[in-house]
Amino acid sequence: MTRVLRHHGSFFSAIELLHDPQGLCETILKRVKSSGSNTYKFEVKMLMLNFVTRVVGNHELILLPLYTLLQRYMGGHQRDVTAILAYSVQSCHEHVPPEEVYGILKTIAHNFITERCSGEQMAVGINAVRAICARVPSVLSGEDGLDEDAKEKSTAWDVEAFARDLAGYAKHKDRSVSIAGRGWVNHIREVYPSLLQGKDRGLVGAGLHRAGEKPLRYGEVRAASGVRGADLLAAYEAAKKAKSDNGEEAEGSDGWQDAGESDGEEEVQVNDDEAISDGEAPDLMMIEENETGAEEKAEEGDISENKLDLTKLSEKERAKLQQEMSSTRIFSTAEFAKMQKLVNRQQRALRDPRLAARLKRAKANGDEFADMSDSDIDSDDEEIHIKGAVNNVDIMAEAKRKRMSKAERLEKIIEGREKWESKDRPGGSTNTEKKRKKNFAMSKFAYSTRQKVGEKNTTKRGKKFKGKKVEDGGKSKKRRRKF
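Residues numbered from 1 in each chain as written. Predicted model: local features only at pLDDT ≥ 70, side-chain atom pairs only at ≥ 80, totals over all residues. Heavy atoms only, no water.

**Student:** Kindly report on the overall build of the protein, identifying the contributing residues and their values.
**Tutor:** The secondary structure content of the protein amounts to 24 helices and 2 strands. Here the protein, with 483 residues, has 26% of them falling under the buried criterion. Long-range pairs, those at least 24 residues apart, make up 69% of the contacts in the protein between residues at least 6 apart in sequence. When the accessible surface of the protein is split by element, carbon and sulfur atoms take 51% of a total near 36,100 Å². (Helix = DSSP H or I, 4+ residues; strand = E, 2+ residues; numbered from the N terminus. Buried < 20%, exposed > 50% of the residue type's maximum accessible area, 1.4 Å probe, protein only. Contact = heavy atoms within 4.5 Å. Areas by Shrake-Rupley, 256 points an atom, 1.4 Å probe, with all protein chains shown as cover.)

Quick look at the structure:
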């Protein structure tokens, strides 16, 4: 059975039922600050800070003196400093001003993320910074969108230099530090890939950078102008209608032509008496090609109007179309599912440049939505699972797979060979294939090759020490006589 994740606040039901959380946190914080060294024990202070930070993070309270107090306990040799960092992370939320979080990040960077610290301290510091930036994404936005005068007055720091400095720890010699650095790089790729260098963005980060992905500034909100994906649904239906119209025209042109139809020539009717009297054949009047071409272009224009190209629309025009579709139409359950699939497809295209290029080629060929069949989208056979209700599928026994015959096994083997031998994707070879076929003399000094050679030498050295015999002749095992 699949596990349904709930909101983080529902795990602390007692904290959710507090009457005045803001007043309670201010009172406890005042006691912690005003107490001397002999008033409360350090363990009690830690419990009080844990409670205050958890309530602040759960109710998203604004308690600015808390962050300056936490910076006092962030020394490198502080007792239970890892718990202090955890309390700092759980006290952060998206409504905290970035100016308050800058002080915490600077303190962590100066006391933990330096070369004088041990590998474990550096890894803990990088992970704490990543968790804080994940909870307060407006910290990474920095001075984006501010005027020059506002930038001079602001106390924001250079976020780009800070992000790239932490990204450099991805290749640190200590394994725990390199893992923490790679986690930071992966987080920045998803949230704000423009902060990283081009070599660190990767495939997903490059796609999101091209799409202009960046976090919202403090206080900024993206207000929805309509149902998400309504504009994509309009484009899908327009393309579907245009394709059906083209199919009907193609079927009509394949049939028999009427005898009255002509290939652009039209005869002028003449009375029989005039033709006989003159004794000459009647003149044929030609219709100009411009008139027929104009008619064909008009028909093509009517068909092309059915297609809706969202790439040519600006953001305001798309928002207007989305609002118009949402306000003038009642969507069914199948249409909501269709919009969700279209939105997921668009998000995958933003993250994967190869998929975006493939969709662009399909759009040029007129098969933009060929991969989304109507039977796959419009199907109402999928059952809606209501939270709390037990479905009979959840408690049914899993059917054992029948053993395949020899012919079926052989057919599956041949199918697998054909799949790997033939290229399913268009274009040349991938970077992995090029790397595999590369000459060894060109890649023997590469970082990956030197790393492999170092690992081999380390294992050989370990085997030598492990197989070394004791040369003292077993004297160390002899017992001493007691006198």
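Once the structure has been displayed, the description carries forward.
**Student:** Help me get a handle on the packing of helix α2 (residues 21–34) against helix α4 (residues 65–72), residues and values and all.
**Tutor:** At a minimum axis distance of 11 Å, the contact between α2 and α4 shows a crossing angle of 35 degrees. Once α2 is placed against α4, the crossing between them reads as left-handed. Packed against α2, whose contacting residues are Leu 29, Val 32 and Lys 33, the element α4 presents Pro 65, Leu 66, Leu 69 and Arg 72 at the interface. Tallied by class, the residues present in the contact of α2 with α4 amount to 5 nonpolar, no polar and 2 charged. (Axes fitted to C-alpha atoms, helices over the stretch in contact; angles between N-to-C directions. Left-handed = near helix turned anticlockwise from the far one by under 90°. Nonpolar A, V, L, I, M, F, W, Y, C, P; charged D, E, K, R; others polar.)

**Student:** Mind laying out the environment of Asn 58, listing which residues take part and the relevant values?
**Tutor:** Along the chain, Asn 58 turns up in helix α3 (residues 42–59). Residues Asn 58 and Gln 90, 32 residues apart in the sequence, show an inter-C-alpha distance of 8.4 Å.

**Student:** With reference to specific residues and values, describe the packing of aromatic side chains.
**Tutor:** Taken as a whole and judged by the stated rule, the model has 2 aromatic pairs. Each ring, one from Phe 162 and one from Trp 184, has its centre 6.2 Å from the other, and the planes form 75 degrees; the classification is edge-to-face. With Phe 162 in helix α10 (residues 159–167) and Trp 184 in helix α11 (residues 175–191), the pair connects residues that are 22 residues apart, well separated along the chain. With relative accessibility at 11%, the residue Phe 162 sits in the buried group. (Phe/Tyr/Trp six-rings, centres within 6.5 Å; stacked < 30°, edge-to-face > 60°.)

**Student:** Before we move on, can you summarise the nonpolar core with the specific residues and values?
**Tutor:** Soluble globular proteins tend to pack their nonpolar side chains together in the buried interior. Ile 108, Val 129, Leu 140 and Trp 184 are the most contacted members of the largest nonpolar core, which has 63 residues in total. The contact partners of Ile 108, leaving out residues within four places of it in the chain, are Met 74, Leu 85, Ile 113, Gly 125, Ala 128, Val 129 and Ile 132. Counting residues in hydrophobic clusters, the runner-up holds 15 residues, among them Ala 230, Ala 235, Tyr 236 and Phe 331. (Core = buried A, V, L, I, M, F, W, Y, C linked by side-chain atoms within 4.5 Å.)

**Student:** I'd like a rundown of the packing of helix α17 (residues 333–351) against helix α18 (residues 353–364), residues and numbers included.
**Tutor:** At a minimum axis separation of 5 Å, α17 and α18 run at an interaxial angle of 115 degrees. Two secondary-structure elements touch here, α17 through Arg 345, Arg 348, Ala 349 and Arg 351 and α18 through Pro 353, Leu 355, Ala 356 and Leu 359. For the contact of α17 with α18, a count of residues per class yields 5 nonpolar, no polar and 3 charged.

**Student:** So what's going on with unusual backbone geometry? Which residues, and what values?
**Tutor:** The phi angle at Glu 60 is positive, at roughly 55 degrees, despite the residue not being glycine. As for its placement among the helices and strands, Glu 60 is situated in the loop between α3 and α4. Of note, the phi angle at Asp 80 is positive, near 55 degrees, even though the residue is not glycine. For Asp 80, a relative accessible area of 42% translates into the label partly exposed.

**Student:** Mind laying out α4, listing which residues take part and the relevant values?
**Tutor:** Residues Leu 66, Tyr 67, Leu 69 and Leu 70 constitute the buried set of α4. Within α4, the buried residues cover an arc of 160 degrees as seen down the axis, which keeps them to one side. The inward-facing, buried residues of α4 abut α2, α3, α5 (81–90) and α6 (98–111). (Arc of directions from axis to C-beta.)

**Student:** Outline the state of the cysteines, supporting the account with residue identities and numerical values.
**Tutor:** In protein structure, a disulfide is the covalent linkage between the sulfur atoms of two cysteines. A complete count under the given rule lists 0 disulfides for this structure. No disulfide involves Cys 133; its sulfur sits 9.2 Å from that of Cys 92, the nearest cysteine. (Disulfide = S-S within 2.5 Å.)

**Student:** So what about the confidence of the model for the protein? Which residues, and what values?
**Tutor:** In the predicted model, the protein carries a mean pLDDT of 75, and the fraction of residues at 70 or more is 67%. Counting interchain partners and residues more than four positions distant, the pLDDT-below-50 stretch residues 287–305 has 6 contacts. (pLDDT = per-residue confidence, 0-100.)

**Student:** For the pattern of salt bridges, give the residues involved together with the corresponding values.
**Tutor:** Applying the stated criterion across every chain, the model contains 7 salt bridges. Of the charged contacts in the structure, one is a salt bridge between Asp 231 and Arg 318, with a shortest N-O distance of 2.9 Å. On the criterion of sequence distance, the pair formed by Asp 231 in helix α13 (residues 230–254) and Arg 318 in helix α16 (residues 315–327) is long-range, its members being 87 residues apart. Since its relative accessible area comes to 7%, Asp 231 is described here as buried. Residue Arg 329 is joined to Glu 335 by a salt bridge in which the shortest nitrogen-to-oxygen separation is 2.7 Å. Residue Arg 329 is classed as partly exposed on the basis of its relative accessible area of 26%. Overlapping salt bridges, with partners in common, bring together Glu 237, Arg 329 and Glu 335 in one network. (Salt bridge = Lys/Arg side-chain N within 4 Å of Asp/Glu carboxyl O.)

**Student:** Explain a negative patch on the surface to me, using residue names and the numbers behind them.
**Tutor:** Among the surface-exposed residues, Glu 408, Glu 411, Glu 415 and Glu 418 lie close enough to one another that they form a single negatively charged patch. Tracing the backbone shows Glu 408 in helix α21 (residues 406–421). Take Glu 408: its relative accessible area is 40%, and that puts it in the partly exposed class. (Patch = residues over 30% accessible without salt bridge, like charges linked within 9 Å, V, L, I, M, F, W, Y side chains within 5 Å. Lys, Arg positive; Asp, Glu negative; His and termini not counted. Charge placed at Lys NZ, Arg CZ, Asp CG, Glu CD.)

**Student:** Please provide a residue-by-residue account of α3, values included.
**Tutor:** Across its 18 residues, α3 extends 26 Å between first and last C-alpha, which sits within 8% of the 26 Å expected from 1.5 Å per residue. Residues of α3 that are buried include every one of Phe 42, Lys 45, Met 46, Met 48, Leu 49, Asn 50, Val 52, Thr 53, Val 55, Val 56, Gly 57 and Asn 58, and no others. Residues of α3 that are buried make contact with α1 (13–16), α2, α4 and α5. The first or second residue beyond α3 is Glu 60, which carries a positive phi of 55 degrees. (Expected span 1.5 Å × (residues − 1).)

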